[in-house]
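# Coordinates in review
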Amino acid sequence: MNIKLTLFSSLWLIILVLSGNEVGAQGWERIYFEEPSGTMPYASSSAEYIFLQLNGSFIFGANVQGQASFLFTDAEGLITDLVDVPGTGGALMRASDQNFVYGYRSNSSAPPTEDVYLRKYNENGDVIWTHSPEGHLFGNEGVTDLVESSDANYVFAGGRANFSPQRLYQYVTKMDEAGNTIWKYVSPELPETNMYNNRLIETTDGGFLVVASSSWFTENNPIITNMVKLSSSGFPLWERSPDADIQVEELLLAPDGNIMMSGLNMDRDFSLLKVDNDGDTIWESVFPAATIGSGLFNRLINTADGGFALLFTINDDLLLLKTDADGNEEWRQSYGSPFRDYGQDLEQLPDGGYLLAGSANGMGEDQALYLVRTDDMGNALSEIIEGYVTYDRDENCTADPDSEQGLEDWIVGATGTTGGTFYAAVEADGYYQIPAPADDYTVALSLPNVYWNACVNDVALSHIDTTTLDFAVQSVEQCPLMEVQVQHFGLRLCEPTTMFVQCRNQGTEAAENVSVELNLADSLSLLSATVPFQQTGPNTYTFTIGELDFLEAMTFRLEVQLGCAVELLGQSLCVEAHIFPDSSCLLPDDNWTGASVELRAACNEGQVEFMIKNVGTAPMAGPLNYTVIEDHVIMQEEIPFGPLTTGQQLNVPLPANGSFYRLESEQEPNHPGLSMPSVFVEGCGTNEAGEISLGFVNQYSFDDADHFVDIHCSEVLGAYDPNAKSASPLGYETAHFIAPNTPIDYTIQFQNVGTAPARTVVVYDRLPQVLDPATIRPGLSSHDYDFELLTDGVVRFTFTNINLPDSVSNPTASQGFVQFHIEQDSDLPSGTTIENEAAIFFDSNPAIITNKTLHTIGSDFIRVSVDHTYLPDLSVRAFPNPFSESTTIEVEAASGLEDLSFHLLDIYGRELLVDHFTGNHYLLERNDLAAGTYLYQLRSNGGLVSVGKILVQ
């Protein structure tokens, strides 16, 4: 079982204190980021060394805001003291007299007179002595490892370099308490100048082994590792490379007197290598990155049972792996805050448990101290709700992960009576785990559609320690349910782009003869595709998929070319995807007549033509209404039409004046599915200035709420931000208004703009509290990813082994994206804002924070056209309109308006109210106004400047 801790807090103490009745019986996790005063003494910090105290407490060698410190905690990891000390980086050890010895580079110049030093100090930071070894005059030296020898002297190792010519050497120096250099060893120049990380141990014969490896490697530049065995007097006995290729990170003397090494091999898998005192391989254990993940080795220790424990930083989390004495894996556990974490040190405790130290991260924020204590099986968190979610094919209402399919990425939520809701996404094997403090909970599985039903759901439970709850899920109908998504990297003039289409069967039965119909904008030309296709209409293509099993997804790609016409810049070009079969096994509502409204639009011979047609099998039951929007103003609202008979069509002509036009229609009552008909035209004709209206297409929702349809519209771009976040719908005007309960589709785009390939990309997104994590659906992406929903509402997409090229060597392949769909909390009040941003990590580089998307919840926010304005530079907006409680009249004008007054009249022209503006706004309260239509006048210095109408509901 892979335990994943996901709790993160910006409090001085971690939000969850997990300690059992018996010390050592349970673990805990501590993240120290900020104290209550907000001065953040633990930001930009990490715990780097662990020292166990006899009374069960701990000292951590730490870096706190750039200051070397000792962090003192009790046995539960709660801070008791923080002391500044002369240094904890470089190499730090605890001597046999219980004081501390620190080795470090003293000067960054080359060559300084004194390049490295050793310093001894006590736990209060009081310096006992400082010594610089004799004869270290080469420059650019460092101390990378330090041990106390069996004769109570100090031996340290590192690298030293000449600059002209550039040469790198290994050195080892032995020094006594008085600062006398007993001996020193300097290697011949190493085979190349990028060796690093010299590691040192004392061997059983009193001699020493120092090992260094090349700092980077590629297929054409294999790993070089150099081992040097020294006698107790510093004389070189032998020098060689190990038999196995390994970039050594850790060196350890095994209990049997042999030597352990850990690091990466040429395949970037993790190697644990055992060699004898002559450097010959005894055995090697390889832990593939494909099963563990990509990352770094941090620490290797012996365990009390003769085995080994290895600490990794994997996919931005800490991973603890336990082996037996022969290197065979026994268990592994992972830990981490929602964002990027690093491991630094590992120790086994007297009770058999483990203590881990390192740092955790907010979303693009500075590192914080991170401490984890576990039991002897690596369990750090005991208060969890866990179980399996599987497809109950034998319908016995029992989840059986050994024989039944896990329902990956489904969401389980636990709502407590005292403190919020905690979530988890189901893993590939069906397992889920929710860290949750003791409380009474209602635990619910979110079902993706009506074809599925859980045997039990909304389960009430009293949770104290670890609570197990399985969900057996059965099919309501044996039927496929097809879903399609389409996305691309953006459209630029004269350039090809890669388009991605994902097909997914969200139903309960395999779908046969699956195909996707794709309608491309006229300016796009299809060049190629990764699946068979044929042209079936004007710029319309059908792609053959074949069979798609239930819960199976596949993605195909196509290359399209955009034309070179400059006038396309800024225009929105759309792609509409329709997947088949698109029918449902569920019977339609008995009250549905069979009528179905379909909308089409065209630009023909200087005229915009909208077509409203009944494409159903029966006449409409009665008239419906349509609304026409011009740019961002309603010009025709709730115009009745019909009832239309089967096949009957209504044409709505409009002038081709370069405006953006959108027509929205009601659908026949009780119509199956989620269709909300709408259609638009952009760039038909020009206005008096010879221009067209741009930027309105994506402000509104598309008619693609049904899973089998997806519409993607993208503006033709010049320059663009390669690491960005976008949302659909974009939202109306600068406040980005959307209606309550409107789902949002987010897309995070990323590009490797570095100078080398990125092996791993991780995308984080902290969901705003007004979005419902239970409704999240991870979607289409450019590359395979692992999806996680972490407890505090953080979404994480991990692209392991993505090997994303840099943008210079391969601009097209250096890009990627991922999408997800989510719904708002129900019935959010008007004025609620939804702001969201993402953090993108490329390997171990700092986070790139995207732009922040914005939505504002509103109703009736689209402007209603005024009848007339009498000034050419005047714009008048009433919102909401119609209104029930109040509306705001907003005036914008290039030149100032003086003494602006508002006059309200009834439909007979009788004046009901006169009042004055405050600035450019006037708030009209309904008070005792009856429902109906009213007229208004705006006057400046008594002169009429605008007239319009307002509707009171």
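Preceding this paragraph is the structure being described.
As the structure is a computational prediction, the values presented were derived from the model and not from experiment. (Residues numbered from 1 in each chain as written. Predicted model: local features only at pLDDT ≥ 70, side-chain atom pairs only at ≥ 80, totals over all residues. Heavy atoms only, no water.)

### Describing the sheet that holds strand β25 (residues 329-335)
Read across the sheet, four strands follow the order β22-β23-β24-β25 without closing on themselves; strand pairing throughout is antiparallel. Lying at the two open borders of the sheet, with one neighbouring strand each, are β22 (295-302) and β25. Neighbour to neighbour, the strand axes of the sheet diverge by 20° on average, direction disregarded. Examined bridge by bridge, β22 and strand β23 (residues 308-314) share seven bridges and lie antiparallel to one another. (Pairing = 2+ DSSP bridges. Helix = DSSP H or I, 4+ residues; strand = E, 2+ residues; numbered from the N terminus. Axes fitted to C-alpha atoms, helices over the stretch in contact; angles between N-to-C directions.)

### A few points about unusual backbone geometry
The amide bond that connects G642 to the next residue, P643, takes the cis arrangement and shows omega of 5°. Structurally, P643 is set in the loop between β50 (633-641) and β51 (649-655). The amide bond that connects S728 to the next residue, P729, takes the cis arrangement and shows omega of 0°. Here P729 is to be found in the loop between β55 (724-728) and β56 (737-738). Phi at C494 takes a positive value of approximately 65°, unusual for a residue other than glycine. By the element assignment, C494 lies in the loop between β39 (491-492) and β40 (496-505). Assessed through its relative accessible area of 39%, C494 is described here as partly exposed. If you check the backbone angles, N513 has positive phi at about 55° while not being a glycine. N513 gets classed as exposed once you look at its relative accessible area, which sits at 68%. (Buried < 20%, exposed > 50% of the residue type's maximum accessible area, 1.4 Å probe, protein only.)

### Details of the packing of aromatic side chains
Tallying each qualifying case throughout the model produces 46 aromatic pairs. Pairwise contacts between aromatic rings join Y746, F750, Y785, F787, F797, F799, F820 and F842 into one cluster. The side chain of R268 reaches across the aromatic face of F217, ending 4.5 Å from its centre. Of note, K725 hangs over the ring of Y746, and the distance from its end group to the ring centre comes to 4.2 Å. (Phe/Tyr/Trp six-rings, centres within 6.5 Å; stacked < 30°, edge-to-face > 60°. Lys NZ or Arg CZ within 6 Å of the ring centre and 35° of its normal.)

### Digging into the state of the cysteines
A full pass over the atoms with the stated rule returns five disulfides. Each disulfide pairs two cysteine sulfurs, and for C574 the partner residue is C713, the sulfurs being separated by 2.0 Å. The sign of the 110° torsion about the S-S bond sets the C574-C713 disulfide as right-handed. Here the residue C574 occupies a position in strand β46 (residues 572-580), and C713 occupies one in strand β54 (residues 709-717), the gap between them amounting to 139 residues. Per residue, the accessibility class of C574 equals that of C713, and both read buried. The disulfide partner of C603 is C684, and the S-S distance across this bridge is 2.0 Å. For the disulfide bridge between C603 and C684, the dihedral angle about the S-S bond is near 80°, and by the sign convention the bridge is right-handed. Linking C603 in strand β47 (residues 597-604) with C684 in the loop between β53 (678-681) and β54, this pair joins segments that are 81 residues apart in sequence. For C603, a relative accessible area of 44% puts it in the partly exposed group. If the cysteines joined by disulfides in the protein are listed in sequence order, their pairing comes out as 1-2, 3-7, 4-5, 6-10, 8-9. Looking at the unpaired C503, the closest cysteine sulfur is the one in C479, lying at 17 Å. (Disulfide = S-S within 2.5 Å.)

### What about the side chain of S213?
You can see S213 is positioned in strand β15 (residues 208-214). Within polar-contact distance, the side chain of S213 engages the side chain of T225 at 2.8 Å. Reaching out from S213, the side chain makes a polar contact with the backbone nitrogen of V248 at a distance of 2.9 Å. (Polar contact = N/O pair within 3.5 Å; in protein donor to acceptor, adjacent residues only side chain to side chain.)

### Structural notes on the pairing of strand β58 (residues 761-766)
Counting buried residues along β58, five of its six residues qualify, which places the element largely inside the surrounding structure. In this sheet, strand β61 (residues 794-799) lies alongside β58 in antiparallel orientation, the contact comprising six bridges. Paired with Y764 across the two strands is R796, which belongs to β61. Pairing of β58 with strand β64 (residues 838-842) involves five bridges; the strand directions are antiparallel. Looking at the pairing, D765 lines up with A838 of β64.

### Brief notes about the side chain of D392
As for its placement among the helices and strands, D392 is situated in the loop between β29 (384-391) and β30 (411-416). Of the polar contacts made by the side chain of D392, one reaches the backbone nitrogen of N396; its length is 3.1 Å. Those residues in contact with D392 that sit more than four places away from it in its chain are C397, T398, E404, C455, A472, V473 and Q474. (Contact = heavy atoms within 4.5 Å.)

### A look at the pattern of salt bridges
Where charged atoms of side chains with opposite charge meet at close range, the side chains can pair. Inspection of the entire model under this criterion finds 24 salt bridges. Note that E329 is salt-bridged to R332, the shortest N-O span being 2.7 Å. For E329, a relative accessible area of 34% translates into the label partly exposed. If you follow the salt bridges from partner to partner, you end up with R199, E250, R299, D345 and E347 in one network. (Salt bridge = Lys/Arg side-chain N within 4 Å of Asp/Glu carboxyl O.)

### Brief notes about the sheet that holds strand β2 (residues 45-52)
Spatial strand order, β2-β3-β4-β5: four strands in an open sheet with antiparallel pairing. Two strands in the sheet have a free side with no partner beyond their single neighbour: β2 and β5 (79-84). Sheet twist, expressed as the average angle between the axes of neighbouring strands with direction ignored, equals 25°. Bridge count between β2 and strand β3 (residues 58-64): seven bridges; the pairing is antiparallel. In the strand pairing of β3, A47 is matched with A62.

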